[in-house]
Amino acid sequence: DGGITQSPKYLFRKEGQNVTLSCEQNLNHDAMYWYRQDPGQGLRLIYYSQIVNDFQKGDIAEGYSVSREKKESFPLTVTSAQKNPTAFYLCASSIGHSLPLQPQHFGDGTRLSIL
Amino acid sequence: EDKVVQSPLSLVVHEGDTVTLNCSYEVTNFRSLLWYKQEKKAPTFLFMLTSSGIEKKSGRLSSILDKKELFSILNITATQTGDSAVYLCAGRRGGSNYKLTFGKGTLLTVNP
């Protein structure tokens, strides 16, 4: 079945440590996105990528980095510069620039906590 | 800065009730408005609205957009306990920027 796979489901980070969250999709979507969700808050955009080897900062990119070396993969690294990383992280994808009016579809998320 | 505001933030109803969830938006170069349902994990897509006054319907759920007054509503009739979830509304800009701006969501609890 086609879909978006995020791993791991739960992740614990020590102070000063970088961690990488995985997002893989087999939907052949061009565009991929990373969001952060805090309790009682909506989703906030961290980074997005419309095509391989290209990505743009969203509203809260500080302390995060991404890469898009393959169409199906868009990993997110939470660096030690992100001082409040505890949150639920959601990856999404959508058919991209050729058909812009398409909804984004989401993975099941990764819950990151600080030890 | 784009802004999406949902109301109410939470709502408790009994099975069989009808509910209306509200979403107002201020989005530069507005292109479409999306509704998602989020239970425990991934938000699942419900509706995408691009034109004013045209109701979209799926079973007991329906939604409509008013581009003049900049709002949308999501109606759920004959609610069931399985409708309990957070309902998220998001506005999307047009152009090459595919950014979605989400509201904080409405937490709906349907009691038996």
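Above this note sits the structure.
Cut-off values and rules
Residues numbered from 1 in each chain as written. Chains lettered and ligands numbered in written order. Predicted model: local features only at pLDDT ≥ 70, side-chain atom pairs only at ≥ 80, totals over all residues. Heavy atoms only, no water. Contact = heavy atoms within 4.5 Å. Buried area = accessible area lost by both parts, 1.4 Å probe. Salt bridge = Lys/Arg side-chain N within 4 Å of Asp/Glu carboxyl O. Polar contact = N/O pair within 3.5 Å; in protein donor to acceptor, adjacent residues only side chain to side chain. Helix = DSSP H or I, 4+ residues; strand = E, 2+ residues; numbered from the N terminus. Nonpolar A, V, L, I, M, F, W, Y, C, P; charged D, E, K, R; others polar. Buried < 20%, exposed > 50% of the residue type's maximum accessible area, 1.4 Å probe, protein only. 1 Å grid on protein atoms, 1.4 Å probe; cavity = no way out; pocket = protein on both sides within 12 Å on 5 of 7 lines; lining within 4 Å. Points joined across faces, edges and corners; volume = space filled by probe spheres on them.

**Description of the interface of chain A and chain B**
Listed as interface residues are 24 residues of chain A and, on the opposing side, 21 residues of chain B. A combined buried area of about 2,000 Å² lies between chain A and chain B, and 58% of that area is made up of carbon and sulfur atoms. In this assembly, chain A and chain B are joined by 0 salt bridges. Where chain A meets chain B, there are 2 residue pairs in polar contact (both at pLDDT 80 or more). Only β4 (31–37), β5 (43–51), β9 (87–94) and β10 (105–106) of chain A provide two or more residues apiece to the side of chain A that touches chain B. Considering every element that reaches the side of chain A that touches chain B, the biggest residue donor is β5(A), with 4 residues. By residue class, the composition of the side of chain A that touches chain B is 11 nonpolar, 11 polar and 2 charged.

**Some details on the environment of A:E72**
Residue and element names in this part refer to chain A. Along the chain, E72 turns up in the loop between β7 (64–66) and β8 (76–78). Among the residues examined, E72 registers a relative accessible area of 33% and is labelled partly exposed. Sequence separation between E72 and A31 is 41 residues, and the spatial gap between their C-alpha atoms is 9.5 Å. Each residue touching E72, except ones within four places of it in the same chain, is listed here: C23, E24, Q25 and M32.

**A word on the layout of surface pockets**
In this structure, the largest pocket encloses a volume near 400 Å³. The wall of the largest pocket is formed by 20 residues, among which A:R44, B:D2, B:V4, B:T101 and B:F102 lie closest to the centre. Examining the composition of the lining of the largest pocket, we find that 4 residues originate from one element, strand β1 (residues 3–7) of chain B, more than from any other. Here the residues of the lining of the largest pocket are counted per class, giving 8 nonpolar, 5 polar and 7 charged. In this model, the second largest pocket occupies a volume close to 260 Å³. When contributions to the lining of the second largest pocket are tallied by element, the ones reaching two or more residues are β9 and β11 (110–114) of chain A together with β11 (106–111) of chain B.

Purely geometric numbers; function is a separate question.
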